[in-house]
Amino acid sequence: MEEFQNFLTENASRFIKDLGSLGARKISISGSFPMGCLPIVRTLNVLVGRACLDYYNKVAMDFNRKLIKLVADLRKEVDGIRVVYADGFQVVKNGCCGMGTVEVNQLCMLAVSLCKDPTKYIYWDAIHFTETANKLFANNILNTGLAKLI
């Protein structure tokens with residue numbers, strides 16, 4: 001897993017440097033969310049009461065630490081580019097679609113039930129974020145990470 005994380009951060013580093021060479025000056029990098037708490041992961045973890053999988057969450061946190069270090073390194077290494085790291089959220093339980101534990105994307109169209117107010121849910125289905133959650137993520141990035149670039 002660490003080798004893959006290193007591969008991803010090296011690619012991100014090259015990509016950000018390439019963006020800089022093309023004229024980008026303000027860049028925000030978002031970390032990974034707690035993948036071990038995705039509704040589908042929790043559903044499949046039925047043997048232990050649908051608990052979050054700590055291993056997956058640790059993988060996400062370890063990767064985020066690598067991204068934070070990458071941002072610090074890039075700030076020192078690349079002149080003229082302002083790079084920030086933007087945190088995400090950690091609120092997960094069920095999705096809005098159907099039971100919100102197994103259904104994914106198009107299967108939601110076949111779902112027997114949908115939540116009454118999707119704005120109260122982080123997940124639309126067992127994997128995808130709701131429009132409200134995506135707006136929260138975007139606003140969080142704009143007001144925390146990107147605000148540092150202004």
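Read on for an overview of the structure. These numbers were taken from a predicted model, which means no experiment stands behind them.

### Some words on the overall build of the protein chain
- For the protein chain, the helix and strand inventory stands at four helices and two strands.
- Of the regular secondary structure in the protein chain, the N- to C-terminal order runs α-β-α-α-β-α.
- When burial is assessed residue by residue, the protein chain has 34% of its 150 residues classed as buried.
- Nonlocal contacts in the protein chain, meaning residues at least 24 apart in sequence, comprise 63% of its contacts between residues at least 6 apart.
- For the protein chain, the computed accessible surface area is about 9500 Å², with 61% contributed by carbon and sulfur atoms.

### Re a positive patch on the surface
- A cluster of basic residues, Lys26, Arg75, Arg82 and Lys148, forms a positive patch on the protein surface.
- By the secondary structure assignment, Lys26 is in strand E1 (residues 26-30).

### With respect to the pairing of strand E2 (residues 82-86)
- The buried count for E2 comes to four of five residues, which makes it a mostly enclosed element.
- As paired strands, E1 and E2 are joined by five bridges and run parallel to one another. Its bridge partner being in E2, Lys26 is matched across the sheet by Arg82.

### Some words on unusual backbone geometry
- For Arg50, which is not glycine, the phi torsion reads 60° and is therefore positive.
- Relative to the helices and strands, Arg50 resides in the loop between helix H2 (39-44) and helix H3 (54-77).

### What about the packing of aromatic side chains?
- Across all of its chains, the model carries four aromatic pairs by this definition.
- Ring centres of Phe4 and Phe7 lie 6.2 Å apart, and the angle between their planes is 25°; this geometry places the pair in the stacked category. Here the residue Phe4 and the residue Phe7 both occupy positions in helix H1 (residues 2-21), the gap between them amounting to three residues, near one helical turn.
- On the accessibility criterion, Phe7 (44% relative accessible area) is partly exposed.
- Judged by centre distance (5.1 Å) and plane angle (20°), the ring pair of Tyr123 and Phe129 falls under stacked.
- You can call Phe129 partly exposed: its relative accessible area is 22%.
- An aromatic cluster of at least three residues, connected via ring pairs, comprises Tyr123, Phe129 and Phe137.

What counts and what doesn't
- Residues numbered from 1 in each chain as written.
- Predicted model: local features only at pLDDT ≥ 70, side-chain atom pairs only at ≥ 80, totals over all residues.
- Heavy atoms only, no water.
- Helix = DSSP H or I, 4+ residues; strand = E, 2+ residues; numbered from the N terminus.
- Buried < 20%, exposed > 50% of the residue type's maximum accessible area, 1.4 Å probe, protein only.
- Contact = heavy atoms within 4.5 Å.
- Areas by Shrake-Rupley, 256 points an atom, 1.4 Å probe, with all protein chains shown as cover.
- Patch = residues over 30% accessible without salt bridge, like charges linked within 9 Å, V, L, I, M, F, W, Y side chains within 5 Å.
- Salt bridge = Lys/Arg side-chain N within 4 Å of Asp/Glu carboxyl O.
- Lys, Arg positive; Asp, Glu negative; His and termini not counted.
- Charge placed at Lys NZ, Arg CZ, Asp CG, Glu CD.
- Pairing = 2+ DSSP bridges.
- Phe/Tyr/Trp six-rings, centres within 6.5 Å; stacked < 30°, edge-to-face > 60°.

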